[in-house]
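Structural features, examined
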Amino acid sequence: MASIFGHRFRVATFGESHGPVVGAVIDGCPAGLALDVDAIQAELDRRRPGQSALTSPRKEPDRVEVLSGVFEGTTLGTPILLLVRNVDARSADYAPQKDLWRPSHADFTYDAKYGVRDWRGGGRASARETVGRVLAGAVARQVLATAGVEIVAWVDRVADVEGHVDPENVSRAAVEAHPTRCPDAAAAEAMARCIEGARAAGDTVGGVVRCVARGVPVGLGEPVADKLEADLAKALLSLPAARGVEVGSGFAGTRLRGSQHNDPFVAVDGAVRTRTNHSGGIQGGISNGMPVVVGVGFKPVATIQQKQATVDREGQAAELEPGGRHDPCVLPRAVPIVEAMVALVLCDHWLLHRTSRLHSAD
Ligand SMILES: Cc1cc2nc3c(=O)[nH]c(=O)nc-3n(C[C@H](O)[C@H](O)[C@H](O)COP(=O)(O)O)c2cc1C
């Protein structure tokens, strides 16, 4: 069962939802980075449950511990182990469901494949696994900052409520201004009402997170097997509840004519740019210097607070009673997780690119 992402900046996540710890090991982080542990903690704080009325009420303090790979605040180039301890697991809440399969969750497929499953809080299929991704992503983000790359994600749609956000200008501060993490104030209010309404009805809603990476240099990604968009899509689709990934104008762009969809080149201060960005900053698998823009669709949370018909491990019909603490909508908490996966892929390709040719272009 693979838990490793990346080619050069490789990350293994570990830990179960109700086990003692969750975290990540980074293999391949360059030596010499002055690691900002407070910045890692800030990313965890954006991901953790219990941060607002719109999320799961599980109360995890999620304090980062850096156990290896850093000496006197600077990375050594050796494996970096980052973890947090689980402190608020209530496994007894899940015991009545341990032999029942929650519809559209991972229970049935996991059992069918492995024959053994940690049912407490969803085990490895819990979004708790993404703690490790956020920890490693926060380090990747610091590596990328040395190259001038900045990554901002936001909630673009919840159910049918759509925000209107300009990827060129959206800021972290605007995203964090509302608990929905939608920087369009009017849409954010409507999204909050939609999530609260779903929760009150014992139901859940899905939507779309969008993410922009600005300052991405030309040349990240490769033309065939390791296309930048292919690695982004795999990383983002590996997130729990992710159902689709778009690059640039994505599926909407497929409705356009080539004459509308092409991004004309322009020279700006001696650099090559494009006037529009339907390509989402990637052409031929390689970044073109424009902002990299991706969207991720997340399904409505599978665990609803309503009785549901299901079957048990013996294949007998059964009724599932709601149990455990759950998010009515993953979108607000998915924002830092999407940023983390984009950071991991861009950091990986930024490091790979540094060995891609013998003679530099200049
Ligand atoms: C931030 C986040 C929070 C989540 N919270 C829950 C939750 O509270 N309850 C739940 O059933 N699923 C939750 N999920 C989704 C499940 O982990 C996911 O649906 C499950 O692992 C099955 O995988 P799949 O949906 O990708 O097929 C969450 C996902 C994310 C990204």
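A brief report on the enclosed structure follows.

About the criteria used
- Residues numbered from 1 in each chain as written.
- Predicted model: local features only at pLDDT ≥ 70, side-chain atom pairs only at ≥ 80, totals over all residues.
- Heavy atoms only, no water.
- Pairing = 2+ DSSP bridges.
- Helix = DSSP H or I, 4+ residues; strand = E, 2+ residues; numbered from the N terminus.
- Contact = heavy atoms within 4.5 Å.
- Axes fitted to C-alpha atoms, helices over the stretch in contact; angles between N-to-C directions.
- Salt bridge = Lys/Arg side-chain N within 4 Å of Asp/Glu carboxyl O.
- Buried < 20%, exposed > 50% of the residue type's maximum accessible area, 1.4 Å probe, protein only.
- Expected span 1.5 Å × (residues − 1).
- Arc of directions from axis to C-beta.
- Left-handed = near helix turned anticlockwise from the far one by under 90°.
- Nonpolar A, V, L, I, M, F, W, Y, C, P; charged D, E, K, R; others polar.
- Polar contact = N/O pair within 3.5 Å; in protein donor to acceptor, adjacent residues only side chain to side chain.
- Parallel < 35°, antiparallel > 145°, perpendicular 65-115°, else oblique.
- Core = buried A, V, L, I, M, F, W, Y, C linked by side-chain atoms within 4.5 Å.
- Phe/Tyr/Trp six-rings, centres within 6.5 Å; stacked < 30°, edge-to-face > 60°.
- Lys NZ or Arg CZ within 6 Å of the ring centre and 35° of its normal.

**Here we look at the sheet that holds strand 7 (residues 80–85)**
Taken together, the 5 strands give an open sheet; going across it, the order is 1-2-3-7-4, and neighbouring strands pair in antiparallel fashion. Bordering the open sheet on either side are strand 1 (4–5) and strand 4 (65–68), each of which pairs with just one other strand. With 5 bridges joining them, strand 2 (residues 10–14) and strand 3 (residues 21–27) adopt antiparallel strand pairing. Within the sheet, the bridge partner assigned to V11 lies in strand 3 and is I26. Of the strands in this sheet, strand 1, strand 2, strand 3 and strand 7 touch helix 3 (residues 130–145), which is tilted by about 35° from strand 3.

**Details of the pattern of salt bridges**
This structure, assessed with the given rule, holds 27 salt bridges. For R133, the salt bridge goes to E129, with nearest N and O atoms at 2.9 Å. Each member of the pair, R133 as well as E129, carries the same accessibility label: buried. In this structure, D327 engages R333 in a salt bridge whose closest nitrogen and oxygen atoms are separated by 2.8 Å. Comparing D327 with R333 shows no difference in burial state: the two are buried. Overlapping salt bridges, with partners in common, bring together E43, R46, R141, R172, E176, R181 and E339 in one network.

**A closer look at helix 5 (residues 185–200)**
Helical periodicity: at 3.6 residues per turn, an α-helix aligns residues three or four positions apart in one direction. With 16 residues, helix 5 should reach 22 Å at 1.5 Å per residue; the first-to-last C-alpha distance of 23 Å fits that figure. The set of residues buried in helix 5 consists of A187, A188, M191, A192, I195 and A198. Down the axis of helix 5, the buried set is contained in an arc of 140°. They therefore lie on one face. Exposed and facing more than 90 degrees away from the buried side of helix 5 are A185, A186, R193 and A200. Here the buried face of helix 5 lies against strand 8 (150–158), strand 9 (161–162) and helix 9 (331–353).

**What to know about the packing of helix 6 (residues 228–237) against helix 9**
Direction vectors running N to C along helix 6 and helix 9 enclose 145°, while the axes themselves pass 9 Å from each other. Considering how the two elements wind past one another, helix 6 and helix 9 form a crossing that is right-handed. Along the contact surface, helix 6 presents L228, D231, L232, A235 and L236, while helix 9 presents V338, M341, V342, V345, L346 and H349. Tallied by class, residues from the contact of helix 6 with helix 9 come to 9 nonpolar, 1 polar and 1 charged.

**Comments concerning unusual backbone geometry**
The backbone phi angle of E72 is positive, close to 50°, even though this residue is not glycine. Among the structural elements, E72 can be located in the loop between strand 5 (70–71) and strand 6 (74–75). The class of E72 is exposed, set by a relative accessible area of 70%. The phi angle at S104 is positive, at roughly 65°, despite the residue not being glycine. For S104, the position within the fold is in the loop between strand 7 and helix 2 (107–114).

**Describing the environment of S279**
Structurally, S279 is set in the loop between strand 13 (271–274) and strand 14 (282–283). The sequence separation of S279 and N262 amounts to 17 residues, and the corresponding C-alpha distance is 8.1 Å. Filtering out sequence-adjacent residues up to four positions away, S279 remains in contact with V247, G248 and D263. In terms of polar contacts, S279 uses its side chain to reach the side chain of D263, at 2.7 Å.

**A look at the packing of helix 3 against helix 9**
Remark: helix 3 packs on helix 9, axes separated minimally by 7 Å, with the N-to-C direction vectors making an angle of 50°. Between helix 3 and helix 9, the interaxial angle falls into the category oblique. Remark: the crossing between helix 3 and helix 9 carries left-handed chirality. Residue-level inspection shows T130, R133, V134, A136, G137, A140, R141, V143 and L144 of helix 3 in contact with helix 9, the latter providing P336, I337, E339, A340, M341, A343, L344, L346, C347 and W350. Class assignment for the residues of the contact of helix 3 with helix 9 results in 14 nonpolar, 2 polar and 3 charged.

**Section: the nonpolar core**
Generally speaking, nonpolar side chains in soluble globular proteins are found buried as a group. Formed by 78 residues in total, the largest nonpolar core has its most connected members in F9, F298, V338 and V342. For this core, the leading source of residues is helix 9, giving 15 residues. Contacts of F298, omitting those with residues within four sequence positions, involve G206, G207, V209, L239, P240, A241, A242, V330, L331, A334 and V338.

**Some details on the packing of aromatic side chains**
Following the criterion strictly, the structure yields 2 aromatic pairs and no others. Summarising the aromatic geometry, the rings of W101 and F108 are spaced 5.0 Å apart at their centres and angled 70° between planes, so their arrangement reads as edge-to-face. Considering the side-chain rings of Y110 and Y114, the 5.2 Å spacing of their centres and the 50° angle between planes classify their relative orientation as tilted. On the criterion of helical spacing, the pair formed by Y110 and Y114 is a turn pair, its members being 4 residues apart in helix 2. Classification of Y114 as partly exposed rests on a relative accessible area of 36%. The ring centre of W350 lies 4.5 Å from the NZ or CZ of R354, which sits over that ring.

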